[in-house]
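# Close look at the chain arrangement
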Amino acid sequence: MTAELRPPSAAACPGCLAAPPQPVEEAPKDARIALSLPGIHCQACIATVERELDATPGVHSARVNLTLKRAMIEADPEVRAADLIPVLERAGYEAHELDAGTLQATQTDRAGRDLLMRLAVAGFASMNVMLLSVSVWSGATDATRDMFHWISAAITLPAIAFSAQPFFRSAWAALSVRRLNMDVPIVLAILLALATSLWETSLSGEHAYFDAALTLTFFLLAGRYLDYRTRAVARSAAEELTALEVPRALRLTDDGAEEEVSVADLRIGDLIRVRPGGRMPVDGEIAEGRSELDRSLLTGETVPVYAEPGLGVSAGEVNLTGPLTVRATAVGEDTSLHRIADLVAIAESGRSRYTSLADKAARLYAPGVHILSALSFVGWFLYSWDLRTALNIAAAVLIITCPCALGLAVPAVTTAASGRLFRKGMLIKHSTALERLAQVDTVVFDKTGTLTAGTPELTNMGDHTRADLEIALALAEGSSHPLSVALVKAARESGLKPATLTDVTEVPGFGTEGTWRGRTVRLGRASWVGAEQGARTAAWLSVGEGDPHPFYFSDALRPGAAEAVAALRESGKEVLLISGDTAGAVEALAQRLGISKWVAEALPQDKAARIAQMTEDGKKVLMVGDGLNDTAALAAAHVSISPASALDAARVASDIVLLGQDLTPIADACVTAQKATRRIRENFRIATVYNLIAVPLAVAGFATPLIAALAMSSSSITVSLNALRLR
């Protein structure tokens, strides 16, 4: 067995990084507040709302969008939406706060609708121009033919001006920085087809290629929309982590009074009161009070930690039972939570540099198409000295080599594969996730909440008498501690009823006590009831002067965990377990699942560093995790998966979301990804063979722009049908 136990950190607590000796002074950033205004309906409403907001102290500017019925406000850091809503209500307008996620979702939805609308316009216009072209193909001549051509032009020009804007913008952006991308030959092909068609029409020529330009635009937009459907529509994981930071805190003054201040105003050495249920706003040390801390965000451990004076705490941890006074040792950007966000941002930027197969093809394809078309134009012009013929052939070469099949090769396959995996309970978020998943040779699992259900489960109910169980049930019902909740669930499922107790009280950080038949009964920590704490997770019951009895708990496996690990190992992948939990718990789970390599007590930065080291060693790592302590590792991995029950930041950082509880689909996803990658490569080969056959015909002058468009459409349909084989 290979194992590694991380030594306890020298920092204030698990999850903390060393704080600098002096606070970092920074100018506070202005607050950006978004308000929904469902009641506004005219320009007068806009003027009134902006005037009222601008007159509010602390507000720098306010702008109202009538279409979205939304106000965007720039204000001082201490100004909150709750301060502005009453101002507008007094002016007679209903107002509600919008969070950043709502704004991002709205923007994403608008982009999807915009792309779909352009696709619909191109398709509708293409059908109409095709109908007009049928008349020309059927033998219409002279004035009738010219009329149909001019009507086609009237339909095509505005339709392409609207529908092809994404390609125009992309091509211009590339050319403005003196580089080529896949959209440059697309735009050249469309513009050349239009120019040739207008020239032919003005000269009363027999052929015009408006239908070819529209068909080209339609197929390319179809590929672009399929690609859009597979992309992640979520905020950055670093933004999600930042959202967990507490915006305001209760600072104690010199006379012991509480004052609510912005976290930006806190300094090292300040005393901060954290009430039960509150989240730590800073890294620090407990100066006063006893309670229990939920550290699951940072360490992954589901069992709360006893908190007493002298214990180090981290920003993001939750105070569960009693009030605490914390002395700040790190604030603002120096807190452990903010540093994890920095790790995630760095990891995300690194992963975004992954080059997809389509991008690699574009690097070679785009310059080759331009050179070939230019040589065709020059060659035919020098051969025939006929500008019209040379332009027609150059347009045919551009259209027939237009990367429509290449544009569909990847999105068609990823859409088909994503649909297949979605039916099995997996949601593909990132456009290149399948390509990266196919390359995986190492799988790293988190423990709590990933391989296990993340909730404790009573394992030794049969070791206790019915009387003890009824007493324990009565005490457990008086606490919200996870172990108490698990004990109540197990006892209720067994049909037990609680004993009759009096004076039941919960002692923060220790447990619950009461009186039963004149004797004091306690359920809680081993040291509190006079027992010796072992390596196993337990709650101890003492009845009067009798010996305490332990209730042992373990973390239940997720459905399919054993099957998923076995299937991944059988496929030749190396499987590791890295957890922030204790060594005993991690080792027990590793042995249970047959995982030979494991790491215990790993801090968030340790997990990210281990993933980075394996990546440097040439491994392609799949990370499966669910907690805040996994977020940096999820972003740093070659590809990542998180359960739907995971923390928002973890789901955003991952490429794939597991929708159900069962882990079995993970192994199948790897197989599907490998098949999808093979289909993508097959599509590239189909496109290559098509070009090898079609391009010489176009260069030789045997293919008009119309025939080139039909050939291009045929290759696109072939690629799409090949992708559907995945379903």
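These figures come from a predicted structure and were not determined experimentally.

Okay, the sheet that holds strand 9 (residues 283-288) next. Spatially, six strands are ordered 7-6-8-14-9-12 in an open sheet, and the strand pairing comes out antiparallel. The open sheet has two edge strands, strand 7 (258-262) and strand 12 (312-313), and neither has a second partner. Judged from the five bridges that link them, strand 6 (residues 248-252) and strand 7 form a sheet pairing that is antiparallel. Bridge pairing links L252 to E258 in strand 7.

Now for the nonpolar core. Burial of nonpolar side chains together is a common tendency in soluble globular proteins. One finds L437, F445, L451, L577, L622 and I666 to be the most contacted residues of the largest nonpolar core, which totals 42 residues. The element that contributes the greatest number of residues to this core is helix 24 (residues 665-699), accounting for eight residues. Discounting chain neighbours no more than four positions away, the residues touching L451 are F445, D446, L557, R558, A561, V565, L577, L589, L593, I595 and L663.

With that settled, consider helix 20 (residues 583-593). All of the buried residues along helix 20 are A583, V586, L589, A590 and L593. Down the axis of helix 20, the smallest arc covering the buried residues is 140 degrees, so these residues share one side. Of the residues one or two after helix 20, G594 is the one with positive phi, at around 75 degrees.

Bringing the packing of aromatic side chains into the picture now. Under the counting rule described, the total for this entry stands at four aromatic pairs. Seen from their ring centres, F510 and W528 are 6.3 Å apart, and the 40 degrees between their planes marks the pair as tilted. Here F510, found in the loop between strand 18 (502-507) and strand 19 (511-516), pairs with W528, found in helix 18 (residues 526-529); they are 18 residues apart in sequence, far enough to count as distant. Take W528: its relative accessible area is 15%, and that puts it in the buried class. Among the aromatic residues, those joined into a cluster by ring pairs are F377, F381 and W385. One Lys or Arg, R118, reaches over the ring of F162 and ends 4.6 Å from the middle of that ring.

Okay, the packing of helix 16 (residues 466-476) against helix 17 (residues 482-493) next. The contact between helix 16 and helix 17 brings their axes to 9 Å, and the two run at 130 degrees. One finds that helix 16 runs oblique with respect to helix 17. By crossing handedness, the relation of helix 16 to helix 17 is classed as left-handed. Together, A472, L473 and A476 of helix 16 and S484, L487, V488, A491 and R492 of helix 17 make up the contact between the two elements. Residues belonging to the contact of helix 16 with helix 17 are distributed by class as follows: six nonpolar, one polar and one charged.

Turning next to unusual backbone geometry. In the Ramachandran plot, R517 falls in the positive-phi region, its phi being about 55 degrees despite a non-glycine side chain. Locating R517 in the fold gives a position in the loop between strand 19 and strand 20 (519-524). Despite not being glycine, E601 has its phi angle at roughly 50 degrees, a positive value. Position of E601 relative to the elements: it lies in the loop between strand 24 (597-600) and helix 21 (604-616). The exposure class assigned to E601 is partly exposed, which follows from its relative accessible area of 29%.

With that settled, consider the sheet that holds strand 13 (residues 318-319). The three strands lie next to each other as 11-10-13, forming an open sheet whose pairing is antiparallel. Strands at the two margins of the open sheet, each flanked by one partner only, are strand 11 (305-307) and strand 13.

The interhelical angle for the contact between helix 12 (residues 387-400) and helix 24, taken along N-to-C directions, is 170 degrees, at an axis separation of 9 Å. On the basis of the axis angle, helix 12 is roughly antiparallel to helix 24. From helix 12, I393, A396, V397 and I400 reach across to helix 24, where they touch Y690, N691, A694, V695, A698 and V699. Counted by class, the contact of helix 12 with helix 24 contains nine nonpolar, one polar and no charged residues.

On the surface, V689, L692, I693, L697 and F702 cluster together into a nonpolar patch covering about 560 Å² of accessible area. Tracing the sequence through the fold places F702 in the loop between helix 24 and helix 25 (705-723).

What follows covers helix 17. Taking 1.5 Å of rise per residue, the 12 residues of helix 17 would be expected to cover 16 Å, and the 17 Å separating its terminal C-alpha atoms lies within 8% of that figure. Of the residues making up helix 17, those classed as buried are L483, S484, A486, L487, V488, A490 and A491. Looking at the residues trailing helix 17, positive phi occurs at G495, about 85 degrees.

The next subject is the pattern of salt bridges. Under the defined criterion, the tally for this structure stands at 13 salt bridges. Close ionic contact of R492 with E477 constitutes a salt bridge, the shortest N to O distance being 2.4 Å. Taken as a pair, R492 in helix 17 and E477 in the loop between helix 16 and helix 17 lie far apart in primary sequence, 15 residues in all. By relative accessible area, which is 42% here, R492 ends up partly exposed. Given the relative accessible area of 38%, E477 is considered partly exposed. One salt bridge connects E682 with R679, and the closest N-O pair in it is separated by 3.4 Å. Of this pair, E682 and R679 both sit in helix 24, three residues apart, which is roughly one turn of the helix.

As a further point, take the confidence of the model for the chain. For the chain, per-residue confidence averages 76 on the pLDDT scale, and 76% of positions sit at 70 or higher. pLDDT under 50 marks residues 100-106. Its contacts with residues more than four places away, or in other chains, come to eight contacts. This stretch, residues 230-240, has a pLDDT under 50; its non-local contacts, to residues over four places away or in other chains, come to 33 contacts.

This brings us to the side chain of S542. Mapping S542 onto the fold places it in strand 21 (residues 538-543). By relative accessible area, which is 7% here, S542 ends up buried. The contact partners of S542, leaving out residues within four places of it in the chain, are T520, V521, R522, V529 and P548.

On to the pairing of strand 21. Counted residue by residue, strand 21 has six buried out of six residues, so it is predominantly covered. With four bridges connecting them, strand 20 and strand 21 associate as antiparallel partners. Each bridged residue has a counterpart across the sheet, and for V521 the counterpart in strand 21 is V543. In this structure, strand 21 lies alongside strand 22 (residues 549-557), joined through four bridges in antiparallel fashion. Across the sheet, A539 pairs through a bridge with F551, a residue of strand 22. Taking the residues between adjacent antiparallel strands as the criterion, strand 21 and strand 22 are bridged by five residues, where G544 takes a positive phi near 65 degrees.

How each quantity is defined
Residue positions are given per chain, counting from 1 as you read along its sequence in written order. Side-chain atom pairs in this predicted model are given and counted only at pLDDT of 80 or more, local residue features only at pLDDT of at least 70, and totals for whole chains, interfaces and linings cover all residues. Each side-chain value is worked out from all heavy atoms of the structure, with water and hydrogens disregarded. Here, strands pair whenever DSSP counts at least two bridges between them. Helix and strand labels come from DSSP, where a helix needs a run of H or I of at least four residues and a strand needs a run of E of at least two; each type is numbered from the N terminus. Nine residue types can take part in a nonpolar core, namely buried Ala, Val, Leu, Ile, Met, Phe, Trp, Tyr and Cys, and a core is a set of them joined through side-chain atoms within 4.5 Å. For each residue, the accessible area found with a 1.4 Å probe, counting protein chains only, is set against the maximum for its type, and the residue is called buried under 20%, exposed over 50%, and partly exposed in between. For this analysis, residues touch if any pair of their heavy atoms sits within 4.5 Å. Arc, as used here, means the arc of the directions from the helix axis to the C-beta atoms. In this scheme Phe, Tyr and Trp rings, the latter by its six-membered ring, pair at centre separations within 6.5 Å, and the angle between planes marks the pair as stacked below 30 degrees, edge-to-face above 60, and tilted otherwise. Charge-over-ring contacts are defined here by two conditions on Lys NZ or Arg CZ: a distance within 6 Å of the ring centre and an angle within 35 degrees of the ring normal. Axes here refer to lines fitted to C-alpha atoms; in helices the fit is confined to the stretch in contact. Angles between the N-to-C directions go from 0 to 180 degrees. Each angle gets one of four labels, with under 35 degrees taken as roughly parallel, over 145 as roughly antiparallel, 65 to 115 as roughly perpendicular, and the rest as oblique. Two helices that cross are described as forming a left-handed crossing if the nearer one is turned anticlockwise from the farther one by less than a right angle, and a right-handed crossing if clockwise. We call Asp, Glu, Lys and Arg charged. Ala, Val, Leu, Ile, Met, Phe, Trp, Tyr, Cys and Pro are nonpolar, and the rest, Gly among them, are polar. Patches here are clusters of residues that have more than 30% relative accessible area and form no salt bridge, with a 9 Å joining cutoff for like charges and a 5 Å cutoff for nonpolar side chains (Val, Leu, Ile, Met, Phe, Trp, Tyr). Computed with a 1.4 Å probe, the accessible areas rest on the Shrake-Rupley method; for each residue, only the protein chains presented here act as cover. Within this document, salt bridges are pairs made up of a side-chain nitrogen of Lys or Arg and a carboxyl oxygen of Asp or Glu, the two lying within 4 Å of each other. In this scheme, a helix's expected span is set at 1.5 Å multiplied by one less than its residue total. The predictor rates its confidence in each residue with pLDDT, a number between 0 and 100.

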